[in-house]
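Residue strings, one per chain:
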Amino acid sequence: MESYSFLEHSYIEWLAKRIDSGLFKKKGERSRERLKLAAARNLETKGYHEMRVADITHDAGVSDGAFYVYFQDKRDVTLAVMREFVELLEKSSENSTEKTPQGSPSAPFEMVRRQNLRYISVGRANAGLMRCILQITDQEAEFDRLVQKMNHDYYQRITKSALKKNEGKEWSKETVLFLAYSLGAMMDELFRRLVIQPDKYLCEIVAEIAPSDAALADLLSIIWIRVLYPSAGVPEGLSRSAKELMSAIRSSDNAA
């Protein structure tokens with residue numbers, strides 16, 4: 001079972017499929033995984049602060065005493081679930097970057113669009129857990145460091161790609177890394193306001209100009225390309241709003 005295959009569904013569905021696969025032969029291993037699954041379900045729906053151990057044991061169909069055989073408290077099981085979730089996100093990101101298409105002027109755009117669409121689709125499928133990342137990093141320094149390291153590694157890969165595609169330009173690694181962080185922060189904040197804590201005004205705008213995740217990925221990828229790969233080509237078949245944005249950028253370039 002591939003470590004990143006949960007992206008086809010959600011992390012919760014991935015956990016359930018892994019338990020059903022027969023991977024865990026020992027009863028204790030299966031019991032621990034069922035408790036993790038129950039915790040993940042409650043984190044997704046209730047969030048960390050509202051979740052109780054009783055909610056987890058009820059969902060898993062075990063006694064409270066059985067829970068404490070495997071975990072110290074709700075913090076312990078939450079960190080076990082969220083560490084695995086974040087590590088899977090990182091592995092899926094690495095896999096996506098490794099599959100970068102080559103040999104065409106639009107290759108950088110295709111790479112960025114695939115990564116942005118992955119971010120949006122995974123986020124929607126795991127919206128409650130994405131919300132929990134915000135809740136837990138605010139309280140758990142070790143988990144916060146893990147998330148920061150994951151983000152940093154991702155932005156390092158983006159930086160390496162951008163520097164390679166823009167050879168000959170006077171770009172320092174630090175400058176490009178800052179741009180990658182800035183674009184990542186844009187994505188995080190936009191996703192927060194679209195899915196985690198919906199801003200109705202922004203949601204109305206996005207529903208009008210980018211009614212599908214693919215259209216939203218197109219639009220965002222135009223921004224990424226403009227900043228990190230200014231010489232890259234753009235493929236045909238983009239969404240209407242992405243074409244409008246690209247046309248506006250080109251008109252501005254010609255005017256300059």
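Everything below is about the structure printed above this text.
Residues numbered from 1 in each chain as written. Predicted model: local features only at pLDDT ≥ 70, side-chain atom pairs only at ≥ 80, totals over all residues. Heavy atoms only, no water.

Caption draft 1: Inspection of the overall build of the chain at higher detail. Helix and strand content of the chain: twelve helices and zero strands. Mapped from its N terminus to its C terminus, the chain presents α and β elements in the order α-α-α-α-α-α-α-α-α-α-α-α. Classification of the 256 residues of the chain by burial places 48% in the buried group. Total accessible area on the chain is roughly 13500 Å²; 51% of this is exposed by carbon and sulfur atoms. (Helix = DSSP H or I, 4+ residues; strand = E, 2+ residues; numbered from the N terminus. Buried < 20%, exposed > 50% of the residue type's maximum accessible area, 1.4 Å probe, protein only. Areas by Shrake-Rupley, 256 points an atom, 1.4 Å probe, with all protein chains shown as cover.)

Caption draft 2: Molecular detail of helix α8 (residues 141-165). Its 25 residues give α8 an end-to-end C-alpha distance of 36 Å, which sits within 8% of 36 Å, the value for a rise of 1.5 Å per residue. For α8, the set of buried residues is F143, V147, M150, D153, Y154, Y155, R157, I158, T159, S161 and A162. (Expected span 1.5 Å × (residues − 1).)

Caption draft 3: Molecular detail of helix α11 (residues 213-228). Between its first and last C-alpha atoms α11 spans 22 Å; for 16 residues at 1.5 Å apiece the expected length is 22 Å, and the two agree. Among the residues of α11, those classed as buried are A215, L216, A217, D218, L219, L220, S221, I222, W224, I225 and L228.

Caption draft 4: Seen up close, the nonpolar core. Counting residues in each nonpolar core, the largest one holds 74 residues, and the members touching the most others are Y11 and M82. Considering every element that reaches this core, the biggest residue donor is helix α9 (residues 173-196), with ten residues. If we ignore the near neighbours within four places in the chain, the residues touching M82 are L43, L129, C132, I133, I136 and F143. (Core = buried A, V, L, I, M, F, W, Y, C linked by side-chain atoms within 4.5 Å. Contact = heavy atoms within 4.5 Å.)

Caption draft 5: Spotlight on the environment of A125. Summarising the element assignment, A125 is placed in helix α6 (residues 107-125). Look at A125 and you get partly exposed, because its relative accessible area is 29%.

Caption draft 6: Spotlight on the packing of aromatic side chains. Evaluated as defined, the whole model comprises seven aromatic pairs. Both rings, one in Y11 and one in W14, keep their centres 6.0 Å apart while their planes meet at 20 degrees; by these two values the pair is stacked. Linking Y11 with W14, this pair stays in helix α1 (residues 11-20), spanning three residues, or about one helical turn. As far as burial versus exposure is concerned, Y11 and W14 are alike and both buried. Here Y119 and F191 contribute two aromatic rings whose centre-to-centre distance is 5.7 Å and whose plane-to-plane angle is 75 degrees, an arrangement assigned as edge-to-face. Of this pair, Y119 sits in helix α6 while F191 is found in helix α9, placing the two residues 72 residues apart along the sequence. Given the relative accessible area of 6%, F191 is considered buried. (Phe/Tyr/Trp six-rings, centres within 6.5 Å; stacked < 30°, edge-to-face > 60°.)

Caption draft 7: The arrangement of the packing of α9 against α11 in detail. Running from N to C, α9 and α11 point in directions that differ by 160 degrees, and their axes come no closer than 10 Å. Judged by the inter-axis angle, α9 sits roughly antiparallel to α11. Between α9 and α11 lies a crossing of right-handed hand. The residues of α11 that touch α9, namely those facing V176, L179, L183, G184, M186, M187, L190 and L194, are L216, L220, I223, W224, V227 and L228. (Axes fitted to C-alpha atoms, helices over the stretch in contact; angles between N-to-C directions. Parallel < 35°, antiparallel > 145°, perpendicular 65-115°, else oblique. Left-handed = near helix turned anticlockwise from the far one by under 90°.)

Caption draft 8: Layout of the packing of helix α2 (residues 27-45) against helix α7 (residues 127-137). Two elements in contact, α2 and α7, have axes separated by 7 Å at closest approach and are oriented at 80 degrees. Judged by the angle between their axes, α2 and α7 are roughly perpendicular. Along the contact surface, α2 presents A40, L43 and E44, while α7 presents A127, G128, L129, R131 and C132. Of the residues in the contact of α2 with α7, the class split is five nonpolar, one polar and two charged. (Nonpolar A, V, L, I, M, F, W, Y, C, P; charged D, E, K, R; others polar.)

Caption draft 9: Expanded view of the pattern of salt bridges. Applying the stated criterion across every chain, the model contains 15 salt bridges. Residue E142 is joined to R83 by a salt bridge in which the shortest nitrogen-to-oxygen separation is 3.8 Å. Of this pair, E142 sits in helix α8 while R83 sits in helix α5 (residues 74-98), and the two are 59 residues apart along the sequence. For E142, a relative accessible area of 48% translates into the label partly exposed. Accessibility expressed as a relative area gives 28% for R83, which makes it partly exposed. Among the charged side chains, a salt-bridge network with shared partners connects R18, E33, K36 and E84. (Salt bridge = Lys/Arg side-chain N within 4 Å of Asp/Glu carboxyl O.)

Caption draft 10: Representation of the environment of V112 in the model. Relative to the helices and strands, V112 resides in helix α6. Discounting residues that sit within four places of it in the chain, V112 has contacts with S221, W224, I225 and Y229.

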